[in-house]
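One letter stands for each residue in the lines below.
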Protein chains: 2
Amino acid sequence: MAAYAQSVTSKLQSFDICNIPFLKESKFKLYSNSCDNKKSLVPGEPDGPCIKTELPGPKSIEGIKHLSNLQMVQSVQYLADYQKSIGNYLVDADGNVLLDTYMNIATIALGYNHPAVLDVFKDPCNLKYMVNRSALGVFPGTDWPCRMENILKSISPKLPKIQMMMCGSCSNENAVKQAFIAYRMRERGNYDFSEEEKQSSILNQPPGCPILSILSFRGAFHGRSLGMLSTTHSKPIQKLDFPSFAYWPTASFPVYKYPLEENSRENKEIDCRCLEEVEDIFHIQKKCAPIAGVIVEPIQSEGGDNHASAEFFKHLQQLCKNNFAYLIVDEVQTGCCSTGKFWCHEYFDLPCPPDFVTFSKKMQAAGYFYSDAVKVKHGGRIFNTWMGDPGKAMILEAIINTIKCQNLLDQVNRSGQKLLCGLKDLEKEFTPLIDSVRGRGTFIAYNVKDEKTRDTVIIKLKKGGVQAGGCGTRSIRLRPALVFQEHHVDIYLDILRKVLKEINGGAKRC
Amino acid sequence: MAAYAQSVTSKLQSFDICNIPFLKESKFKLYSNSCDNKKSLVPGEPDGPCIKTELPGPKSIEGIKHLSNLQMVQSVQYLADYQKSIGNYLVDADGNVLLDTYMNIATIALGYNHPAVLDVFKDPCNLKYMVNRSALGVFPGTDWPCRMENILKSISPKLPKIQMMMCGSCSNENAVKQAFIAYRMRERGNYDFSEEEKQSSILNQPPGCPILSILSFRGAFHGRSLGMLSTTHSKPIQKLDFPSFAYWPTASFPVYKYPLEENSRENKEIDCRCLEEVEDIFHIQKKCAPIAGVIVEPIQSEGGDNHASAEFFKHLQQLCKNNFAYLIVDEVQTGCCSTGKFWCHEYFDLPCPPDFVTFSKKMQAAGYFYSDAVKVKHGGRIFNTWMGDPGKAMILEAIINTIKCQNLLDQVNRSGQKLLCGLKDLEKEFTPLIDSVRGRGTFIAYNVKDEKTRDTVIIKLKKGGVQAGGCGTRSIRLRPALVFQEHHVDIYLDILRKVLKEINGGAKRC
């Protein structure tokens, strides 16, 4: 691992930014491309964004039109040029250079074209393991035990076991399935499946397919498979027309008043009300569809960057224990350092780890860690064809190594602190246009006064050279890469300030 | 494309099999490694299997023990060495060389380490598109429209649109979701979602989350997500303890008597009974949970390689049309040439294409093709973070090109014909030990007299140097790569014959 870190460092030092051809072509630069920007963690980054055309530009429009004859394109913003994108900068088909604070829906950990990630498959051994993608549950490669051990030892949230999967939904689905198995194992004791269970299961009927439930929270997002949609409650458009597990209960998630320091009494009351509701639901469900597991995000992301206190999570864990339900912490969006800790739930100082912690997105590989208490006895239950993807596990190893050798957790905390302070200043300056600045690390959000204005801010940010993302009904979320540094913060705050000023000016003129 | 085909061909010709180091090490060869095996489509293949140790061997046992401390290993057979595996031959951690007729659960199209697949990411442009894995629904790469067009034009089953996804379950989940949308769109007409629908959907309740159903068949396998498990009815162990959509109906799938030519009258009656049942179920469900879609495999694979006639599928499609339900043909296992046509449902001569055709496994990329009739109006409904994986789409392109330039569809038909004849001879020779030899292309199966003996045959085949796979309760399925040639058929039949003889001998001694 030391040798690997050394090779990454030397690669970073030898990289010559002047060899990036597109840097020479830019026309209307918002920030100069002086080629002496030695402070960037990803070599070759420009000094700032550069917008040449409308967004989407003519080449993107043409590409989207082409694509619309082949597949759905309603959500496509523009085509991106991943040959030219670098570090925190996304370059689009028309050569526009955007500072990316959304990073392909929070999935790019090290920025675009980080040398450590590009190098993974230059190793012919890794390349073979990747293209000969094995059914990891039946014929794993000879490298697999060591790779799993490395990943588990490096990043496990104090849980002894790991299971790889394909994506966030798939990881949550399987953690939930494993919670059902563990719940029924406890109920069944030493007895094996009955004949009645076996026969009824084949026809989707109880007792083989029992009437058990998963508790989730209003505003939650845990994926879009039909199972996970029953635990997702962020936006109607995600759920309309799809049958659902109607008997799976939904509890209120705390929605705090900001700033937190001025509203602590009221926010504590909110915690209490939500926890009482959870307790009531446990009681009610026992009679109809007992709760086998509770799934929760440490910060509700898609739902609007809703935070809850450490106390809330500690009590929630205790309620799970009291009711023999398993706690599944969904770190698909919060995991991998962006909150300033590797796992966001580390902030809660839980007396013991959750039963499951799921991951995906920035980690490229997906899956979950789990406790020995929920181990599965029989094979063929938590299983599918691929059980993950060796290639993605290798990329995850490169990401973990780079986080270590570039001290990216410290970087996130420094940039996050600066960003939070800057946004709080803007909040004061532009009250009531923006409010509720909140976050941990660079996992930060703020609200805009209404949905329409929020959407306008996002459009104007893009015109100004910043790719932003919304969440909830009126929030803007920051999901930059872990290589988002202090000078990127300056650029972001500067452009945002101009946008807010412009909107305020427009409002005054009206 | 012509240039690509030429480069593959020249690569194949220049490959020197004598450079494969492990070929020099083998101790107890069942077949000679003469290094003059020029007839193999994948250069570097040995002439036959070679078993040196027990299976799993000592190194595999050690690796599995290591892995058991980190994750579930109940289904792991042995560790495979993907550096040394080549073509149709899987090499395990102990250097055993197996002729692989199971190919990592039917997922390796071109055999191990095919030069065309290894070459994909030697192109630095492809490498960048792969590691900068984009959110394809929002920021697709500049290459994406052309790649999608190439894939669609090359292999679409006469359907105009494609949607990429992550795996087979994910593809089926989303085809099913899209069927629900289309069903409700037709019902809703020009009206948009009502406020009541929006508000109820967030809480998993109708009318926003309607009580609609998907009809599936006994013995079917469509995946293991909770939604798809409600359409999967192959084995209790896959379903036990998981809540299910209890109101989704299950119909009987034809289970024919073999040989088909001697049982045509009886098999036609079976078709009629099954279709009548489907019709009855449509009628019953209308009152409680109308059927929005029917999902079906062209050959039930995991469930036991159960075939149904072209007439059955034609009538099924007509029943769907009569009842405004969409037909989803799940070609996850049958797609990509192994049945002797690119898509197995081509054999049925349907008067018009199905509404959806899903794919994954051997195609590495996953997703579905769909008709214009089921297009979705609103964005954010058929959506997830990645919407596929650019790297897998590139591998699919290489697979498609190689199928063309190596004429692999012809190869499958030639090998399949030889295999089927050979197995039918063995069926006669070893009645009643094996029966019901059936299949299309190399997608072939046969039954063994009972489950225990079937498992013994698989174990003995492995000892003899053949990796086989079971399905249903007493079947053995062949799922070789598309480069499984006539000389591989000879080796397979020869080893199987020895195994059957040994079992018969053992039975006589008892």
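As recorded by an unreviewed UniProt entry, chain A carries the name (S)-3-amino-2-methylpropionate transaminase and is attributed to Diabrotica balteata. The UniProt entry for chain A carries this comment under Cofactor (unreviewed entry): "pyridoxal 5'-phosphate". Among the UniProt annotations of chain A, the heading Sequence similarities (unreviewed entry) holds the following wording: "Belongs to the class-III pyridoxal-phosphate-dependent aminotransferase family."

Each of the two chain copies can be generated from the other by rotation about an axis followed by a shift along it. It takes a turn of 180° to lay chain B on chain A, together with a shift of 0.0 Å along the axis; the resulting RMSD is 0.0 Å. The symmetry that links the two subunits is that of a two-fold axis. Residues of chain B ranked by C-alpha distance from the rotation axis are headed by Gly227 of chain B, positioned 2.8 Å from it. In this assembly the copies share their binding face: 100% of the residues contributing to the interface of chain B also contribute to that of chain A.

Let's shift gears to the confidence of the model for chain A. Residue and element names in this part refer to chain A. Taken as a whole, chain A shows an average pLDDT of 93; of its residues, 92% reach a score of 70 or greater. A low-confidence stretch, residues 1–5 stays under pLDDT 50, and its non-local contacts, those more than four residues away or across chains, total 9 contacts. A low-confidence stretch, residues 11–37 (pLDDT under 50), is modelled with 56 contacts involving residues beyond four sequence positions or located in other chains. Taken together, the chains of this predicted complex give a pTM of 0.93 and an interface ipTM of 0.92.

The next subject is the packing of aromatic side chains. In the structure shown here, the tally under the stated rule is 37 aromatic pairs over all chains. With a centroid separation of 5.6 Å and 75° between ring planes, the pair formed by Phe217 of chain A and Phe253 of chain A is classed as edge-to-face. Highlighted residues: Phe217 of chain A in strand β4 (residues 213–217) and Phe253 of chain A in the loop between β5 (250–251) and α12 (264–288), separated in sequence by 36 residues. The same class applies to Phe217 of chain A and to Phe253 of chain A, which are both buried. The interplanar angle of 70° and the centroid separation of 6.1 Å between the aromatic rings of Phe245 of chain A and Tyr247 of chain A together place this pair among those described as edge-to-face. These aromatic residues form a ring-pair network of at least three members: Phe180, Phe245, Tyr247 and Trp248 of chain A together with Phe180, Phe245, Tyr247 and Trp248 of chain B. For Arg438 of chain A, the ring lying beneath its charged end belongs to Tyr258 of chain A, and the centroid distance is 5.8 Å. Stacked on the ring of Tyr347 of chain B, the Lys or Arg Arg440 of chain B has its end atom at 4.1 Å from the ring centre.

Attention now moves to the sheet that holds strand β12 (residues 434–440) of chain B. Residue and element names in this part refer to chain B. Overall, antiparallel pairing links the 4 strands, which are arranged β12-β13-β16-β15 in an open sheet. Of all strands in the sheet, those bounded by a partner on one side alone are β12 and β15 (469–471). The sheet shows a mean angle of 30° between the axes of neighbouring strands, direction not considered. Bridge count between β12 and strand β13 (residues 443–448): 5 bridges; the pairing is antiparallel.

What follows covers the environment of Asn384 of chain A. Relative to the elements of secondary structure, Asn384 of chain A occurs in the loop between β11 (366–370) and α14 (390–405). Residue Asn384 of chain A is classed as buried on the basis of its relative accessible area, which comes to 16%. It is 26 Å that separates the C-alpha atoms of Asn384 of chain A and Ser154 of chain A, two residues lying 230 residues apart in sequence. If we ignore the near neighbours within four places in the chain, the residues touching Asn384 of chain A are Met165, Cys170 and Asn174 of chain A together with Arg224 of chain B. A distance of 3.3 Å separates a polar atom in the side chain of Asn384 of chain A from the backbone nitrogen of Trp386 of chain A. Reaching out from Asn384 of chain A, the side chain makes a polar contact with the backbone nitrogen of Met387 of chain A at a distance of 2.6 Å.

Moving on to the side chain of Asn267 of chain B. Residues and elements named next belong to chain B. Its location among the elements puts Asn267 in helix α10 (residues 264–288). Overall, Asn267 belongs to the buried group, its relative accessible area being 6%. At 2.9 Å, the side chain of Asn267 forms a polar contact with the backbone nitrogen of Lys257. Apart from the residues lying within four places of it in its own chain, the contact partners of Asn267 are Tyr256, Lys257 and Leu260.

Now for the pattern of salt bridges. On inspection of all chains with the given rule, the structure shows 56 salt bridges over all chains. For Arg147 of chain A, the salt bridge goes to Glu397 of chain A, with nearest N and O atoms at 2.5 Å. Of this pair, Arg147 of chain A sits in helix α7 (residues 144–155) while Glu397 of chain A is found in helix α14, placing the two residues 250 residues apart along the sequence. The two residues Arg147 of chain A and Glu397 of chain A agree in class, both being buried. Here Arg477 of chain B and Glu302 of chain B are joined by a salt bridge, their closest N and O atoms 3.1 Å apart. Of the two residues, Arg477 of chain B is situated in strand β16 (residues 475–478) and Glu302 of chain B in the loop between β7 (299–300) and β8 (306–307); the sequence distance between them amounts to 175 residues.

In this section: the packing of α7 of chain A against α14 of chain A. All names here are of chain A. Running from N to C, α7 and α14 point in directions that differ by 40°, and their axes come no closer than 11 Å. By the criterion of interaxial angle, the relationship of α7 to α14 is oblique. Handedness of the crossing formed by α7 with α14: left-handed. On α14, the residues touching Trp144, Arg147, Met148, Asn150, Ile151, Ser154 and Ile155 of α7 are Pro390, Ala393, Met394, Leu396, Glu397, Ile400 and Lys404. Looking at the contact of α7 with α14 residue by residue, the classes come out as 9 nonpolar, 2 polar and 3 charged.

To continue, consider the interface of chain B and chain A. With 125 residues of chain B in contact, the opposing surface of chain A contributes 125 residues. The junction of chain B with chain A conceals about 11200 Å² of combined surface from both sides, 62% of it contributed by carbon and sulfur atoms. Contact with chain A buries surface across chain B, with Met72, Phe139 and Asp241 of chain B losing the most and accounting together for 7% of the total. Inspection of the chain B/chain A interface yields 8 salt bridges. Between Arg184 of chain A and Asp241 of chain B there is a salt bridge; the shortest N-O distance is 3.8 Å. Of all the elements, helix α7 (residues 168–188) of chain B adds the most residues to the side of chain B that touches chain A, at 8 residues. Classifying every residue of the side of chain B that touches chain A by side-chain character gives 64 nonpolar, 39 polar and 22 charged.

So, about the packing of α7 of chain A against helix α2 (residues 58–68) of chain B. Relative orientation of the contacting elements α7 of chain A and α2 of chain B amounts to 20°, with a least axis distance of 9 Å. Here α7 of chain A lies roughly parallel to α2 of chain B, going by the angle between them. Here α7 of chain A runs over α2 of chain B; the crossing is left-handed. Two secondary-structure elements touch here, α7 of chain A through Trp144, Pro145, Cys146, Met148 and Glu149 of chain A and α2 of chain B through Gly63, His66 and Leu67 of chain B.

What follows covers the side chain of Asn323 of chain B. For Asn323 of chain B, the position within the fold is in the loop between α11 (310–322) and β9 (326–330). Not counting chain neighbours up to four residues away, the residues in contact with Asn323 of chain B comprise Phe282 and Lys286 of chain B.

Another point: the pairing of β9 of chain B. All names here are of chain B. Burial analysis of β9 places 5 of its 5 residues in the buried class, which makes it a mostly covered element. Along β9, one buried face is formed by Tyr326, Ile328 and Asp330 and the opposite face, lined by Leu327 and Val329, is buried too. Pairing geometry for strand β6 (residues 291–296) and β9, over 4 bridges, is parallel. Of the residues in β9, the one forming a bridge with Val296 is Val329. For β9 and strand β10 (residues 356–359), the ladder comprises 3 bridges, and the chain directions are parallel. Across the sheet, the residue bridging to Ile328 is Phe356, located in β10.

Thresholds applied
- Residues numbered from 1 in each chain as written.
- Chains lettered and ligands numbered in written order.
- Predicted model: local features only at pLDDT ≥ 70, side-chain atom pairs only at ≥ 80, totals over all residues.
- Heavy atoms only, no water.
- UniProt positions renumbered as here; feature names shortened; annotations may be inferred.
- Least-squares fit on C-alpha atoms with pLDDT ≥ 70 in both.
- Contact = heavy atoms within 4.5 Å.
- pLDDT = per-residue confidence, 0-100.
- Phe/Tyr/Trp six-rings, centres within 6.5 Å; stacked < 30°, edge-to-face > 60°.
- Helix = DSSP H or I, 4+ residues; strand = E, 2+ residues; numbered from the N terminus.
- Buried < 20%, exposed > 50% of the residue type's maximum accessible area, 1.4 Å probe, protein only.
- Lys NZ or Arg CZ within 6 Å of the ring centre and 35° of its normal.
- Pairing = 2+ DSSP bridges.
- Axes fitted to C-alpha atoms, helices over the stretch in contact; angles between N-to-C directions.
- Polar contact = N/O pair within 3.5 Å; in protein donor to acceptor, adjacent residues only side chain to side chain.
- Salt bridge = Lys/Arg side-chain N within 4 Å of Asp/Glu carboxyl O.
- Parallel < 35°, antiparallel > 145°, perpendicular 65-115°, else oblique.
- Left-handed = near helix turned anticlockwise from the far one by under 90°.
- Nonpolar A, V, L, I, M, F, W, Y, C, P; charged D, E, K, R; others polar.
- Buried area = accessible area lost by both parts, 1.4 Å probe.

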